[in-house]
Amino acid sequence: MSMQSESKPRPKFDAEALRRKYREERDKRIRQDGNEQYFEIAGQYAHYLDDPYTPITPREPKRDHVTFAFIGGGFSGLVTGARLKEAGIESVRIIEKGGDFGGTWYWNRYPGAQCDTASMIYLPLLEETRHMPSEKYAHAPEILEQCYRIAQKFNLYQDALFHTIVTDLEWDEAHSRWIIRTNRGDEFTAQFLGMGTGPLHVPKLPGIAGIESFKGHSFHTSRWDYGYTGGDPSGALMEKLKDKRVAIIGTGATAVQCVPHLSRACKALYVCQRTPSSVDVRDNRAIDPDWFSEISTPGWQQRWLENFTANQSAGAGTDVDLVQDGWTDLSRRIRSKIFELPPEQRTPMGMLAAYEESDFEKMEEIRARAEQVVRDRETAEKLKAWYRQLCKRPCFHDEYLQAFNNPSTKLVDTDGKGVERITEKGVVVAGREYEVDCVIYASGFEVGTPFERRSGFDPKGRGGVRLSEYWANGMRTLHGCHVHSFPNLFIQQPTQGANLISNVPHNLTESGRTIAMIVKHAVAHGKSRVELDRGAEEAWVDLLLSGPGLMLGSQECTPGYYNNEGQDRGPQAKYYVGYPGGAAAYFKYLDKWRNTGRFEGLVFG
Ligand code: NDP
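The paragraphs below set out a description of the structure included in this document.

What counts as what
Residues numbered from 1 in each chain as written. Predicted model: local features only at pLDDT ≥ 70, side-chain atom pairs only at ≥ 80, totals over all residues. Heavy atoms only, no water. Helix = DSSP H or I, 4+ residues; strand = E, 2+ residues; numbered from the N terminus. Rg over C-alpha atoms; globule rule 2.2 N^0.38 Å. Buried < 20%, exposed > 50% of the residue type's maximum accessible area, 1.4 Å probe, protein only. Contact = heavy atoms within 4.5 Å. Areas by Shrake-Rupley, 256 points an atom, 1.4 Å probe, with all protein chains shown as cover. Salt bridge = Lys/Arg side-chain N within 4 Å of Asp/Glu carboxyl O. Pairing = 2+ DSSP bridges. Polar contact = N/O pair within 3.5 Å; in protein donor to acceptor, adjacent residues only side chain to side chain. Core = buried A, V, L, I, M, F, W, Y, C linked by side-chain atoms within 4.5 Å. Axes fitted to C-alpha atoms, helices over the stretch in contact; angles between N-to-C directions. Phe/Tyr/Trp six-rings, centres within 6.5 Å; stacked < 30°, edge-to-face > 60°. Lys NZ or Arg CZ within 6 Å of the ring centre and 35° of its normal.

## Structural notes on the overall build of the chain
Consideration 1: Scanning the chain for helices and strands turns up 20 helices and 20 strands.
Consideration 2: What you see for the chain is a C-alpha radius of gyration of 24 Å, in line with the 25 Å of a compact globule of 605 residues.
Consideration 3: Viewed in the frame of its principal axes, the chain has a C-alpha envelope of about 70 × 65 × 55 Å.
Consideration 4: In the chain, which comprises 605 residues, the share counted as buried stands at 56%.
Consideration 5: For the chain, the proportion of contacts with a sequence separation of at least 24, taken over those separated by at least 6, is 71%.
Consideration 6: Accessible surface, the chain as shown: approximately 25400 Å² in total, 51% of it carbon and sulfur.

## So, the pattern of salt bridges
Consideration 1: Here the structure, examined in full by the defined rule, presents 53 salt bridges.
Consideration 2: For Arg 393, the salt bridge is made with Asp 116, and the minimal N-O distance between the two is 2.6 Å. Linking Arg 393 in the loop between α14 (377-382) and β12 (395-396) with Asp 116 in the loop between α4 (104-107) and α5 (119-122), this pair joins segments that are 277 residues apart in sequence.
Consideration 3: A residue is classified by how much of its surface remains accessible, and Arg 393, at 26% relative accessible area, is partly exposed.
Consideration 4: Residue Asp 116 is classed as buried on the basis of its relative accessible area of 12%.
Consideration 5: Residues participating in the shared-partner salt-bridge network are Asp 280, Asp 321, Asp 329, Arg 332, Arg 333, Lys 362 and Glu 365.

## Details of unusual backbone geometry
The phi angle of most residues is negative, glycine excepted, and most peptide bonds adopt the trans form.
Consideration 1: Positive phi, close to 50 degrees, is recorded for Gln 324, a residue that is not glycine.
Consideration 2: Locating Gln 324 in the fold gives a position in the loop between α11 (300-312) and α12 (326-340).
Consideration 3: Positive phi values are uncommon outside glycine, yet Gln 496 reaches one of about 65 degrees.
Consideration 4: Tracing the backbone shows Gln 496 in the loop between β18 (489-491) and α18 (504-524).

## Describing the pairing of strand β15 (residues 426-429)
Consideration 1: Two strands pair when backbone bridges link them, and strand β14 (residues 421-422) and β15 are joined in this way by two bridges, in the antiparallel orientation. Following the sheet pairing, Arg 421 is matched in β15 by Val 428.
Consideration 2: The turn joining β14 and β15, which pair antiparallel and follow one another in sequence, is formed by three residues.
Consideration 3: Of the strand pairs in this sheet, β15 and strand β16 (residues 432-435) are connected by four bridges, and their pairing is antiparallel. The residue of β16 that forms the bridge with Gly 426 is Glu 435.
Consideration 4: Between β15 and β16, which pair antiparallel and follow one another directly, the connecting turn spans two residues, one of which, Ala 430, has a positive phi of 50 degrees.

## Remarks on the environment of Ser 234
Consideration 1: Mapped onto the elements, Ser 234 comes out in the loop between α8 (226-229) and β9 (245-249).
Consideration 2: C-alpha of Ser 234 to C-alpha of Gly 112: the two residues are 122 residues apart in sequence and 7.4 Å apart in space.
Consideration 3: Looking at Ser 234, its side chain comes within polar contact range of the side chain of Asp 232, at 2.5 Å.

## Looking at the sheet that holds β14
Consideration 1: In spatial order, the strands read β14-β15-β16; together these three strands make up an open sheet with antiparallel pairing. Pairing within the sheet leaves two strands with one partner each, and these edge strands are β14 and β16.

## So, the side chain of Ser 511
Consideration 1: Its place among the elements puts Ser 511 in helix α18.
Consideration 2: Polar contacts involving the side chain of Ser 511 include one to the side chain of Gln 492, which spans 3.3 Å.
Consideration 3: Not counting chain neighbours up to four residues away, the residues in contact with Ser 511 comprise Cys 481, Ile 491 and Gln 492.

## Observations concerning the nonpolar core
Consideration 1: Phe 68, Trp 224, Ile 248, Leu 262, Tyr 400 and Leu 602 are the most contacted members of the largest nonpolar core, which has 106 residues in total.
Consideration 2: In this view, Ile 248 contacts Ala 255, Cys 258, Val 259, Leu 262, Leu 269, Tyr 270, Val 271, Cys 272, Ile 440 and Ala 442; residues no more than four positions away in its chain are not counted.

## Comments concerning the sheet that holds strand β17 (residues 438-441)
Consideration 1: Pairing in this open sheet of five strands is parallel, and the strands run β8-β17-β9-β10-β13 from one edge to the other. The open sheet has two edge strands with one neighbour each: β8 (217-220) and β13 (409-413). Mean inter-strand twist for the sheet, computed between neighbouring axes without regard to direction, equals 20 degrees.
Consideration 2: By the bridge criterion, four bridges tie β9 to β17 in an arrangement that is parallel. By the bridge assignment for β17, Ala 247 is matched with Val 439.

## Considerations on the packing of aromatic side chains
Consideration 1: For the structure on display, the rule yields 36 aromatic pairs.
Consideration 2: Between Tyr 106 and Trp 107, the ring centres sit 4.9 Å apart and the planes meet at 90 degrees, which makes this aromatic pair edge-to-face. Take Tyr 106 and Trp 107: they sit in the same class, and that class is buried.
Consideration 3: An aromatic cluster of three or more residues is present, and its members are Trp 540, Tyr 579, Tyr 586, Phe 587 and Tyr 589.
Consideration 4: Lying across the ring of Tyr 106, Arg 109 places its NZ or CZ 4.6 Å from the centre.
Consideration 5: Stacked on the ring of Tyr 355, the Lys or Arg Arg 388 has its end atom at 4.6 Å from the ring centre.

Pasting the structure below:
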């Protein structure tokens, strides 16, 4: 177990002054237009969505029947497909809008892209594919390779449809199956249907006046134009930028990873910042094959997954920390603060206060790091994040802050206001125009917009009810996966299940295993439909609502996609929670639930 957090002297701070500063910085950024401030990529902006990586191949529309259709070829589809194949379900069709498997990792090939949860637990099915990650935090090409490896090993290419967008899903009550229609003219049927479209797959553009008038080159980070920049996803120098002036808009987790590469390559780089990210130490390193062969005894990845999750879950009780990274450090700090409290102060209020104190300490350390690393004092000051660590995606990087010591890289801080205007020639901040040849939008992905807008479909279940109608007053499921009135439908995502955000693949692998067990059971018993009992759905939702409520997305945070850009999320938000006992307890519960073979709450007919 790392002693990192215990051995460092604790920073001193004035808690009230920090609270005040956090409030001031948040208030500066609150805007009435919330999610509406962004431009949807459609119409005149549609070309920003074009696939720069794979040409589209013409094909005949499908008119057949499969046992299982799954929407999304990212980690969700891959792990579910793999488990279904293991369970003997041969007819599995994955439908994917990209040109190959990979999901997020298909699209995000920007230079420096890397996982920020340790590879040993982030990369799915390492043991099954016998792959040793090369680094503690693998880079994007290796992650994409792992996706291809899974697809090949489990024969998922055979029936896959790429560059295909589902437009309509309809339950066919008479035949107990789903009808699937797509933008490629397909109309086929599937006995079972899975959806795993992920939370961050629709890029968005910042709603900056004049954006359409820019005459130079521009693209979104999730559609990186290596034809223009040179270089490649493995991080080779982008030699075509050596005489180019580039502005990057946004300083979230994506920008943090690609700015060091742009900084090395561009003649001039302007990093346009509205809110700084918190950037802690990354400490990446190669994985030693000798060490790996020692630890990779049968069942190793499951043990690592469970250990990480136990470290992330309150009360899961483990002293061992196999992963040892920023995430486990964070939870260890909070736990040790709570243990410092005398027993009579371990009340909910006492624990929240201990959490806040541990957060102040961590954030003071991170802010001090900006001062230590960045030579220009004014720039260092502007790179300091004034909010609690989990208000935004915490970042970890060892070259981002350093990039601002490069004379060609300039931080263009907008004091929370955002880029003022885009002109034919460049970007305007605080009345000053920065002329550039290229604008790169690191402006993120749609989150708070309606599910059906992001996915492009709205399943029509039994009796013609749409999922959006069924959930009009809030999400209702069992385990985040099954929905009453939507027979044979499985949703692959963490909410209302473990809700483990620090390592999403753990949610997905467990859910994939469960789905495969249910389908295998149905097929083995000659059942054509699996439906969630309404009472079981109600009971599950009641259980969820008895928990501590939302852990992320406080309105006190600086605005961002975690808190719906600071806007009230309405009464439905209370349903976006996980199992009250925490992620580790949920996985134990789920394992027991599926291993009984009764799948309580589901009705097989
Ligand atoms: P984000 O939504 O996190 O960041 C968008 C950025 O654009 C923010 O800095 C935002 O500022 C800025 N912005 C928006 N409008 C304007 C404007 N008008 N002027 C100036 N700046 C503006 O998107 P990312 O792509 O960085 O990250 C999305 C998510 O993807 C991450 O949170 C993470 O979950 C995931 N990710 C994961 C990685 C990993 O696991 N390794 C790597 C990269 C991404 P503001 O903050 O003020 O809104």
